[in-house]
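Close look at the chain arrangement
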Amino acid sequence: MDTPTTTKDTAMEDVSLQPPPGPPPTGQTPSVRVELGKHGEVEGPRTQLCSTCNTTVWTTVTTSTNILGWIWFLLCYCFCCVCALLPFYLKPYKKFEHFCPNCGALLKTTMSRCTSTTIAITVILIFFCFIMFPFVIYIGLKYIGLV
């Protein structure tokens, strides 16, 4: 006994066996754009030639907070702001150093670029940290009756 085929099963079989509709393009070459380094180029290990030991190695990567991150931390920490910890978790405030695992030589130091979105978020956070925080403290002290 044959099992009845449904239109769904038939449609799936037909799609996989049929060539794409229309004639194939003539004289057109597909444009392929390859973007290297978009993800993982900065923060991940990579193969690189070490000039000290003359071997191609997978780099060992260490991360640290750059100077802009430390300035952000100190300014926000002075105002007891929770946003002071952001540079330790966000990529634009990080510095990535690639080392050779054989000889320990520093091969490359890279930092993430600040995008316009990152700059806008930073400006908004600075506004809330330095302008709104004293205002909230003043309102709180006024509510208690100390001002």
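Below is a short write-up of the structure. Computed from a predicted structure; not experimentally measured. Note on numbering: residues in each chain are counted from 1, in written sequence order. The model is predicted, so local features are restricted to residues of pLDDT at least 70 and side-chain atom pairs to those at 80 or more, both for listing and for counting; the totals for chains, interfaces and linings are taken over all residues. Calculation of side-chain values draws on the structure's entire complement of heavy atoms; hydrogens and water are dropped beforehand.

1. A short note on the packing of aromatic side chains
- Stacked, edge-to-face and tilted labels apply to pairs of Phe, Tyr and Trp rings (six-membered ring for Trp) whose centres lie within 6.5 Å, assigned for plane angles under 30 degrees, over 60, and everything in between, in that order. Inspection of the entire model under this criterion finds four aromatic pairs.
- Between Trp-70 and Phe-88, the aromatic rings sit 5.2 Å apart at their centres with planes inclined by 75 degrees, giving edge-to-face as the arrangement. Note that Trp-70 is positioned in helix H2 (residues 67–78) and Phe-88 in the loop between H2 and strand S4 (94–99), a separation of 18 residues in sequence.
- Accessible area is worked out with a 1.4 Å probe on protein chains only. A residue is then buried under 20% of its type maximum, exposed over 50%, and partly exposed in between. For Trp-70, a relative accessible area of 40% gives the class partly exposed.
- Its relative accessible area of 25% is what places Phe-88 among the partly exposed residues. Where helices and strands are cited, they refer to DSSP runs of H or I of at least four residues and of E of at least two residues respectively, numbered from the N terminus.

2. Thoughts on the pattern of salt bridges
- Any Lys or Arg side-chain nitrogen found within 4 Å of a carboxyl oxygen on Asp or Glu counts as a salt bridge. Summed over all chains, the structure comprises one salt bridge.
- The partner of Glu-97 in a salt bridge is Lys-95, and the shortest N-O contact between them spans 3.9 Å.

3. What to know about the nonpolar core
- Put simply, buried Ala, Val, Leu, Ile, Met, Phe, Trp, Tyr and Cys residues joined by side-chain atoms within 4.5 Å make one nonpolar core. Residues Trp-72, Phe-73, Cys-76, Cys-81, Ala-84, Leu-125 and Cys-129 constitute the largest nonpolar core, which totals seven residues.
- Mapped onto this core, the elements with two or more residues apiece are H2 and helix H3 (116–144).
- Counting residues per element, this core draws most heavily on H2, at three residues.
- Any two residues whose heavy atoms approach within 4.5 Å at even a single point are treated as in contact. Apart from residues no more than four positions distant in its own chain, Cys-81 is found in contact with Cys-76 and Cys-129.

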